[in-house]
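Residue strings, one per chain:
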Amino acid sequence: MILTGSEIAKRVGMGDIVIDPFIPENINPNSYNFRLHHELLVYDQDVIDPAEKALTRIIQIPAKGLVLDPQRLYLASTVERMGSEHFVPTYAARSSVARLGMFINLSAPLGDIGFIGHWTIQLYCLHRVRVFAGMNIGQMMFWHVRGDINLYAGKYKNAAGVIASLIFKDFHKKLGVHPYEGQPLKVVSVEADL
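First, a word on what this report is: a plain description of the structure on this page. (Residues numbered from 1 in each chain as written. Predicted model: local features only at pLDDT ≥ 70, side-chain atom pairs only at ≥ 80, totals over all residues. Heavy atoms only, no water.)

**Some words on the overall build of the chain**
Helix and strand content of the chain: 2 helices and 10 strands. Secondary structure elements of the chain occur, N-terminal to C-terminal, as α-β-β-β-β-β-β-α-β-β-β-β. Within the chain, buried positions represent 38% of all 194 residues. Contacts in the chain between residues at least 24 apart in sequence constitute 73% of all its contacts with a sequence separation of at least 6. Counting every atom, the chain has about 11400 Å² of accessible surface; 55% of that belongs to carbon and sulfur. (Helix = DSSP H or I, 4+ residues; strand = E, 2+ residues; numbered from the N terminus. Buried < 20%, exposed > 50% of the residue type's maximum accessible area, 1.4 Å probe, protein only. Contact = heavy atoms within 4.5 Å. Areas by Shrake-Rupley, 256 points an atom, 1.4 Å probe, with all protein chains shown as cover.)

**Describing helix H1 (residues 5–14)**
Since there are 3.6 residues in each turn of an α-helix, residues three or four apart along the chain are aligned in direction. Residues Gly-5, Ile-8, Arg-11 and Val-12 constitute the buried set of H1. Down the axis, H1 shows its buried residues gathered within 125° of arc, on one side only. Those residues of H1 that are exposed and angled more than 90 degrees off the buried face are Ser-6 and Gly-13. Those residues of H1 that are buried lie in contact with strand S1 (17–20), strand S2 (32–43) and strand S10 (136–143). The first or second residue beyond H1 is Gly-15, which carries a positive phi of 90°. (Arc of directions from axis to C-beta.)

**Concerning a nonpolar patch on the surface**
On the surface, Phe-103, Leu-106 and Leu-126 cluster together to form a nonpolar patch covering roughly 290 Å² of accessible area. In this structure, Leu-126 sits in the loop between strand S8 (116–125) and strand S9 (129–131). (Patch = residues over 30% accessible without salt bridge, like charges linked within 9 Å, V, L, I, M, F, W, Y side chains within 5 Å. Salt bridge = Lys/Arg side-chain N within 4 Å of Asp/Glu carboxyl O.)

**Examining unusual backbone geometry**
Following Asp-20, the chain continues into Pro-21 via a peptide bond in cis, with omega recorded as 0°. One can find Pro-21 in the loop between S1 and S2. Of note in this structure, Gln-71 is not a glycine but carries a positive phi near 55°. In this structure, Gln-71 sits in the loop between strand S4 (66–68) and strand S5 (74–84). Positioned with a positive phi, Asn-158 is a non-glycine residue whose angle comes to about 60°.

**What to know about the environment of Gly-114**
Of note, Gly-114 is situated in the loop between strand S7 (102–103) and S8. Separated by 39 residues in the primary sequence, Gly-114 and Ala-153 have C-alpha atoms spaced 7.5 Å apart. Once residues lying within four places of it in the same chain are set aside, the contact partners of Gly-114 are Ser-84, Glu-85, Leu-151, Tyr-152 and Lys-157.

**Concerning the nonpolar core**
In terms of nonpolar packing, the biggest core is built from 35 residues, with Leu-36, Leu-40, Leu-68, Ile-121, Leu-123 and Ile-137 touching the most fellow members. Elements with a minimum of two residues in this core: H1, S1, S2, S4, S5, S8, S9 and S10. The dominant element in this core, judged by the number of residues it contributes, is S2, at 5 residues. The contacts of Leu-40, once residues within four sequence positions are left out, are Arg-57, Ile-58, Ile-59, Ile-61, Leu-66, Leu-68, Tyr-74, Leu-75, Ala-76 and Leu-123. In terms of nonpolar packing, the next biggest core, distinct from the first, is built from 6 residues, Leu-41, Ala-54, Leu-75 and Ala-164 among them. (Core = buried A, V, L, I, M, F, W, Y, C linked by side-chain atoms within 4.5 Å.)

**Observations regarding the pattern of salt bridges**
Applying the stated criterion across every chain yields a total of 5 salt bridges. Residue Arg-11 is joined to Asp-16 by a salt bridge in which the shortest nitrogen-to-oxygen separation is 2.8 Å. There is no split in this pair, since Arg-11 and Asp-16 are both buried. Linking Asp-69 and Arg-128 is a salt bridge whose minimum nitrogen-to-oxygen distance equals 3.7 Å. Residue Asp-69 is located in the loop between S4 and S5, and its partner Arg-128 is located in the loop between S8 and S9; the two are separated by 59 residues in the primary sequence. On the basis of relative accessibility, which here comes to 58%, the residue Arg-128 falls in the exposed class. It is possible to trace a salt-bridge network through shared partners that takes in Glu-7, Arg-11 and Asp-16.

Structural data, given as structure tokens:
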């Protein structure tokens, strides 16, 4: 069951939901509009190996805005710290942003109970779109849960600002061993492809 906007505001006041800073005007009928931070992160290499820490570069959004190129991934952060130890957070683009041909979430809209921090969002455009720091770009929703709650304690806990993928922390590189122990490693002969 999703929380209404007025219930989100009430729960922020009670401390059950964290939205900091909280702007009452950003409450919607069943969500809260969050804003785009002024720093973006881009991957700075041709091939990204999930078993290695990726090279990244920070881009600042100037006052006049920044034009995003199509078919390029930009990682961004919310201005607000958000989350809850009582409700499941999910997020999506505002429909007005989606109508510009911009995605803010490629495949990871679900947050974990107990994550409270700045959310890293994935900006991806179908054509060139100008973005501005502080613009209302997405909306956060909160859902009731049923069952025992285990609070999030993962690698992104207490995130501050935009964070590149930390999937490399899941890997254990060993020569001739699959990164996930217990999985067979398929060896491909280079000569076979010639």
